[in-house]
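Geometric and topological summary
Spelled out, the chains give:
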Amino acid sequence: MCGIIGILGSHEVAPVILDALRRLEYRGYDSAGIATIHEGRLELRRATGKLMNLSDVLVCEPLRGKAGIGHTRWATHGAPSVENAHPHRSGRVAVVHNGIIENFRELREELSAAGCRFASETDTEVIVHLTDRHLGMGLGPVEAARATLACLKGAFALAFLFEGEGDLLIAARHGSPLAIGHGEGEMYLGSDAIALAPMTNRLTYLEEGDWAVLTRQGVTIHDSQGSPVQRAITVIDVENARIDKAGHRHFMAKEMAEQPSVIKAVIDHYVAEETEEPAMPLGVDFATADRVVMVACGTAFHACQVAKYWFEQLARIPVEIDIASEFRYRDPVLGEGDIVIVVSQSGETADTLAALRHVAGRVARTLAVVNVPTSSIAREADVVIPMHAGPEIGVASTKAFTAQLLVLLLLALKCGRDRDRMEPGHCARLLSDIRSIPGFMSQILDREADYERIAEVLGECDDVLFLGRGVMFPMALEAALKLKEISYIHAEAYAAGELKHGPIALIDKGLPVVVLAPRDGLFEKTVSNMQEVMARHGPVVLLTDAEGAAGAGAVSHCVVLPEVPEVVAPFAYAVPAQMLAYHAALARGTDVDQPRNLAKSVTVE
Ligand code: HGA
């Protein structure tokens, strides 16, 4: 979602802000803009589309000044256009905003009736008009911003910059993440650590409702009641916040290739070498749990769907899974024996955060599986389980997905052991299987030419259907999501047994059906469904192992994967699914890392 940055620097800030926006661009790329104060005057540059366009504008019309704010937008209110691009300005004040002002209509009507003229369709613009009016009433910048904040409902991370005030930034956080960076005679604010890492490793994360006054000398933070508060300074691992493509053509390609080492890192963190048990010192005992409830969005939800099979099979515990955007508005029946696991790569997913808040205090324990341990979800859950995937920049999640899968699998193992539903020997065998995942993934990654060939065929189609049974059903859902996200090909996934209950009507020779079917206990059933497709002239792409290929009969295309232990299969089949999507996107010439309409961390509803 939108990324914001603010700098009170000792040198020219526009190039530094532009560079920070580059690191934030994964959050949105509908438009970008910068405002600075130069010789007391407020100046703005904005451009639609990718940051490159703003960069071009700055070449023709450079921005001077040592204080400034910047924004990269994922539009919620108003089309991507220069008028709707941030920073917004009215009179002496400019603002950048991440979030949604829910009462903007009422405020806009009131302000319009009072004579304000709006230049954009955004919800954000009410903020600058309100603040400018407060300044016009004789309030100073800090009081004017504070009076404005009191009028706003909804979610926001904000940065205010004022004409004539070259040593002042005001920041506010209500529902959207915001960090303050501490420098030497410089101060910064930004949406995340990745934005600020090249400038400082010392960050203060604002809490819900906090607002802050920054000068080059430091920061004063107030809570939602206006009382001054101290918030801790966290020293971040700058290496971990560094982002580059490491010679790959796309971040997605790099992140797919990193999966064996990410899986190894997760194993190193959570599986002690000398024991044969998962070593997750969580302060959570599943022995007394009545139920596991997992809540997430998008790809993370698919990881939860796979994990449901594992928890049921290995720990014999009832499992509920839910989509966060639905769960948060339902009245779920929760019990004191429930353990709720929320999963989010960024740890900032607005719906997942709301779901966590929905259950807080009503269940035994909340666990957060996140990639960003300083994120809002991590800070609000009872227990944080970092997935150790390293920064994921490609919008389509790959390595975070397989890392989520592994963390959830290890939790299922721990749950099985805690509940005495799994013999130590069984657990040790599964851990040995788990240790084989990086090797299998590397082998599968090496077969790129195979995926490329098939992806070219898929790339020419308008629709693709994915089928799978058991854990391969959620893996098929994830494969379909990957394909539509980055290639814009319409893709659907069904549990193979559901085919005959409707989707079979779609089958004809123009609809490729990708079947994920390792030779497991459900293989024959899946093959029958595949035969039903072929009987209706549907071209089949089969992802299977050698034994499966031998038993499946003639299909249009077959990718033969290594034979893997059952528990490894979701990790193994994730790779060709990602590769097919990646190469189909390349064949269609789409923007792989920054697909249209999407953004990486979804911090709005
Ligand atoms: N509502 C504002 C900001 C959008 C945003 O934060 N997206 O994640 C706008 O539409 O410009």
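So, here's what we can say about the structure. (Residues numbered from 1 in each chain as written. Predicted model: local features only at pLDDT ≥ 70, side-chain atom pairs only at ≥ 80, totals over all residues. Heavy atoms only, no water.)

1. Concerning the overall build of the protein
Within the protein one finds 21 helices and 25 strands. For 605 residues, the compact-globule estimate of 2.2 N^0.38 gives 25 Å, and the protein sits close to it at 25 Å. Sorting the 605 residues of the protein into buried and exposed places 60% on the buried side. Considering only contacts in the protein between residues 6 or more positions apart, those separated by 24 or more positions represent 71%. (Helix = DSSP H or I, 4+ residues; strand = E, 2+ residues; numbered from the N terminus. Rg over C-alpha atoms; globule rule 2.2 N^0.38 Å. Buried < 20%, exposed > 50% of the residue type's maximum accessible area, 1.4 Å probe, protein only. Contact = heavy atoms within 4.5 Å.)

2. Overview of the site of the ligand
Lining the immediate surroundings of the ligand are 14 residues, of which Arg-73, Thr-76, His-86, Gly-99 and Asp-123 lie closest. At a separation of 2.6 Å, an oxygen atom of the ligand approaches a polar side-chain atom of Arg-73. A majority-of-atoms criterion places the ligand in the largest cavity. Per element, the largest residue contribution to the shell around the ligand is three residues, and it comes from strand β6 (residues 93-101). (Near = heavy atom within 4 Å. Polar contact = N/O pair within 3.5 Å; in protein donor to acceptor, adjacent residues only side chain to side chain. 1 Å grid on protein atoms, 1.4 Å probe; cavity = no way out; pocket = protein on both sides within 12 Å on 5 of 7 lines; lining within 4 Å. Sits in = over half its atoms within 2 Å of the grid points.)

3. Structural notes on the pairing of strand β4 (residues 67-73)
Taking burial as the measure, the seven residues of β4 include seven buried ones, the bulk of the element. The alternating pattern of β4 places Ala-67, Ile-69, His-71 and Arg-73 on one face and Gly-68, Gly-70 and Thr-72 on the opposite face, and all of these are buried. The pairing of strand β1 (residues 3-8) with β4 spans six bridges and is antiparallel. The residue of β4 that forms the bridge with Ile-7 is Gly-68. Both strand β2 (residues 31-38) and β4 contribute to a ladder of seven bridges, which runs antiparallel. Residue pairing for β4: Ser-31 is matched across the bridge by Arg-73. (Pairing = 2+ DSSP bridges.)

4. Looking at the pattern of salt bridges
Considering all chains together, one arrives at 30 salt bridges under this definition. Put simply, Glu-208 and Arg-173 hold a salt bridge, and the shortest N to O gap is 3.0 Å. Of this pair, Glu-208 sits in the loop between β11 (202-205) and β12 (211-215) while Arg-173 sits in strand β8 (residues 169-174), and the two are 35 residues apart along the sequence. Salt-bridge contacts for Arg-519 lead to Glu-547; the nearest nitrogen and oxygen are separated by 3.9 Å. (Salt bridge = Lys/Arg side-chain N within 4 Å of Asp/Glu carboxyl O.)

5. Remarks on empty space enclosed by the protein
For the structure on display, the rule yields two cavities of 30 Å³ or more. There is about 60 Å³ of room inside the largest cavity. In this structure, the largest cavity is lined by Cys-2, Arg-73, Trp-74, Ala-75, Thr-76, His-77, His-86, His-97, Gly-99, Thr-122, Asp-123 and Thr-124. Considered class by class, the residues forming the lining of the largest cavity number three nonpolar, seven polar and two charged. In this structure, the second largest cavity occupies an estimated 40 Å³ of space. Around the second largest cavity, the lining residues are Arg-469, Met-472, Leu-516, Ala-517, Pro-518, Asp-520, Leu-522, Phe-523 and Thr-526. Residue composition of the lining of the second largest cavity, by class: six nonpolar, one polar and two charged. (Points joined across faces, edges and corners; volume = space filled by probe spheres on them. Nonpolar A, V, L, I, M, F, W, Y, C, P; charged D, E, K, R; others polar.)

6. Things to note about the sheet that holds strand β25 (residues 557-561)
Strand order in the open sheet made by the five strands is β22-β21-β23-β24-β25, with parallel pairing throughout. The two strands at the open ends of the sheet, each matched to only one other strand, are β22 (490-495) and β25. For this sheet the average axis-to-axis angle between neighbouring strands, irrespective of direction, equals 20°. Where strand β23 (residues 513-516) and strand β24 (residues 540-545) come together, four bridges link them in parallel fashion. Bridge pairing in β24 places Val-515 opposite Leu-542. (Axes fitted to C-alpha atoms, helices over the stretch in contact; angles between N-to-C directions.)

7. Things to note about the packing of aromatic side chains
Applying the stated rule across the entire model yields three aromatic pairs. Between the aromatic rings of Phe-160 and Phe-162, the centroid separation amounts to 6.3 Å while the plane-to-plane angle is 5°, which identifies the pairing as stacked. For the pair formed by Phe-160 and Phe-162, the shared burial category is buried. Summarising the aromatic geometry, the rings of Trp-310 and Phe-571 are spaced 6.1 Å apart at their centres and angled 10° between planes, so their arrangement reads as stacked. With Trp-310 in helix α10 (residues 298-315) and Phe-571 in helix α21 (residues 569-588), the pair connects residues that are 261 residues apart, well separated along the chain. The same class applies to Trp-310 and to Phe-571, which are both buried. Sitting over the ring of Tyr-488, Arg-596 keeps its end group 3.9 Å from the ring centre. (Phe/Tyr/Trp six-rings, centres within 6.5 Å; stacked < 30°, edge-to-face > 60°. Lys NZ or Arg CZ within 6 Å of the ring centre and 35° of its normal.)

8. Concerning the pairing of β2
Judged by how many residues are buried, β2 sits mostly within the fold: eight of eight residues are covered. Of the two faces of β2, the one holding Ser-31, Gly-33, Ala-35 and Ile-37 and the one holding Ala-32, Ile-34, Thr-36 and His-38 are both buried throughout. Here eight bridges tie β2 to strand β3 (residues 41-48), and the two strands are oriented antiparallel to one another. Residue Thr-36 lies in a different strand from β3, and its bridge partner there is Glu-43.

9. Here we look at the side chain of Asp-322
For Asp-322, the position within the fold is in strand β17 (residues 319-323). Taking the relative accessible area as the measure of exposure, Asp-322 reaches 13% and is therefore buried. In this structure, Asp-322 is in contact with Met-294, Val-295, Ala-296, Phe-301, Phe-327 and Arg-330, ignoring residues within four places of it in sequence.

10. Observations regarding a negative patch on the surface
A cluster of acidic residues, Glu-448, Glu-452, Glu-456 and Glu-460, forms a negative patch on the protein surface. Mapped onto the secondary structure, Glu-452 falls in helix α17 (residues 448-459). (Patch = residues over 30% accessible without salt bridge, like charges linked within 9 Å, V, L, I, M, F, W, Y side chains within 5 Å. Areas by Shrake-Rupley, 256 points an atom, 1.4 Å probe, with all protein chains shown as cover. Lys, Arg positive; Asp, Glu negative; His and termini not counted. Charge placed at Lys NZ, Arg CZ, Asp CG, Glu CD.)

11. So, helix α12 (residues 350-359)
With eight of ten residues buried, α12 is to be regarded as a mostly interior element. All of the buried residues along α12 are Ala-350, Asp-351, Thr-352, Leu-353, Ala-354, Ala-355, Leu-356 and Val-359. Contacts made by the buried residues of α12 are with β16 (291-296), α11 (324-327), β18 (338-344), β19 (365-370) and α13 (376-380). Remark: Gly-361 follows α12 within two positions and exhibits a positive phi of approximately 80°.

Treat this as a map of the structure, not an account of what it does.
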